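If you want the building blocks of each chain, they are given just below.
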Amino acid sequence: MKPPAQLAAGFAVVFFAVRVNGFDLLLDPVGWMICTSALANMEVFDRAFTCGVAMILSSVLLLIAPSDWEQVIGLAAGVGNAVTVALMVEPVMAATRRHRNLLDVLRWAVAGPGVLVVLSWYGYAELGGLFQMVALVAMVTLIVVLVRVSQEPWEPPAGTPPVVPAPPTAR
């Protein structure tokens, strides 16, 4: 699976829920591991990779946190989700010319309203459902565009050495 498709799969696991008796079967740490693996496959070990590792740890911490700390960790993880999405899309933007501007708009359309949605969940802002719908539509669109980018010829992000095919072997 190409790295943009891996990112799309990871984002889907993180941002969508399949609940059984209140338990989310799509565990966020697994989704962030998929996203971080995509960055590793692109040989991107910058702040996006670091944020991915931080989101894995904060997601695990949120799963095991005592109820006293749930709001603080949840707020930090929610804002971290938005920032991490914006950072993780950057390497894909660097590797594609055709969808670069659309990806740039979509990552901020997810991150901006996403932060506001998290603040409203914890009672720090009185917002209607508009921002939730905007963030949801932007995330679905971002996932679709990432899958579309993965179906095109893939160029490594700028700064990574080109892949040189092995010379033919003599028979």
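Residues numbered from 1 in each chain as written. Predicted model: local features only at pLDDT ≥ 70, side-chain atom pairs only at ≥ 80, totals over all residues. Heavy atoms only, no water.

Enquirer: Got a sec to walk through the overall build of the chain? Specific residues and values, please.
Expert: On a plain count of helices and strands, the chain comes out with six helices and two strands. Counting from the amino terminus, helix and strand elements in the chain follow one another as α-β-β-α-α-α-α-α. For the chain, the residues scored as buried account for 40% of the 171 residues in total. For the chain, long-range pairs separated by at least 24 residues make up 69% of all intrachain contacts whose partners lie at least 6 apart in sequence. With the model as given, the accessible surface of the chain reaches about 9800 Å², and the carbon-plus-sulfur share is 66%. (Helix = DSSP H or I, 4+ residues; strand = E, 2+ residues; numbered from the N terminus. Buried < 20%, exposed > 50% of the residue type's maximum accessible area, 1.4 Å probe, protein only. Contact = heavy atoms within 4.5 Å. Areas by Shrake-Rupley, 256 points an atom, 1.4 Å probe, with all protein chains shown as cover.)

Enquirer: Describe in detail the layout of surface pockets, supporting the description with residues and values.
Expert: Approximately 1000 Å³ is the volume attributed to the largest pocket. Around the largest pocket, the lining comprises 32 residues; the ones closest to its centre are Val 14, Arg 19, Asp 28, Asn 81 and Trp 121. Among the elements of the structure, helix H1 (3-15), strand E2 (23-24), helix H2 (28-41), helix H3 (47-64), helix H4 (70-95), helix H5 (100-121) and helix H6 (130-150) are those that each provide at least two residues to the lining of the largest pocket. Here the element with the most residues in the lining of the largest pocket is H4; it accounts for six residues. Tallied by class, the residues present in the lining of the largest pocket amount to 21 nonpolar, seven polar and four charged. (1 Å grid on protein atoms, 1.4 Å probe; cavity = no way out; pocket = protein on both sides within 12 Å on 5 of 7 lines; lining within 4 Å. Points joined across faces, edges and corners; volume = space filled by probe spheres on them. Nonpolar A, V, L, I, M, F, W, Y, C, P; charged D, E, K, R; others polar.)

Enquirer: Describe in detail the packing of H2 against H3, supporting the description with residues and values.
Expert: At their nearest, the axes of H2 and H3 sit 8 Å apart, and the two run at 165° to each other. Relative to H3, the element H2 lies roughly antiparallel. When you trace H2 past H3, the crossing you get is left-handed. Of the residues in H3, those touching H2 at Asp 28, Pro 29, Trp 32, Met 33, Thr 36, Leu 39 and Ala 40 are Ala 48, Phe 49, Gly 52, Val 53, Met 55, Ile 56, Ser 59, Val 60 and Leu 63. When its residues are assigned to classes, the contact of H2 with H3 shows 12 nonpolar, three polar and one charged. (Axes fitted to C-alpha atoms, helices over the stretch in contact; angles between N-to-C directions. Parallel < 35°, antiparallel > 145°, perpendicular 65-115°, else oblique. Left-handed = near helix turned anticlockwise from the far one by under 90°.)

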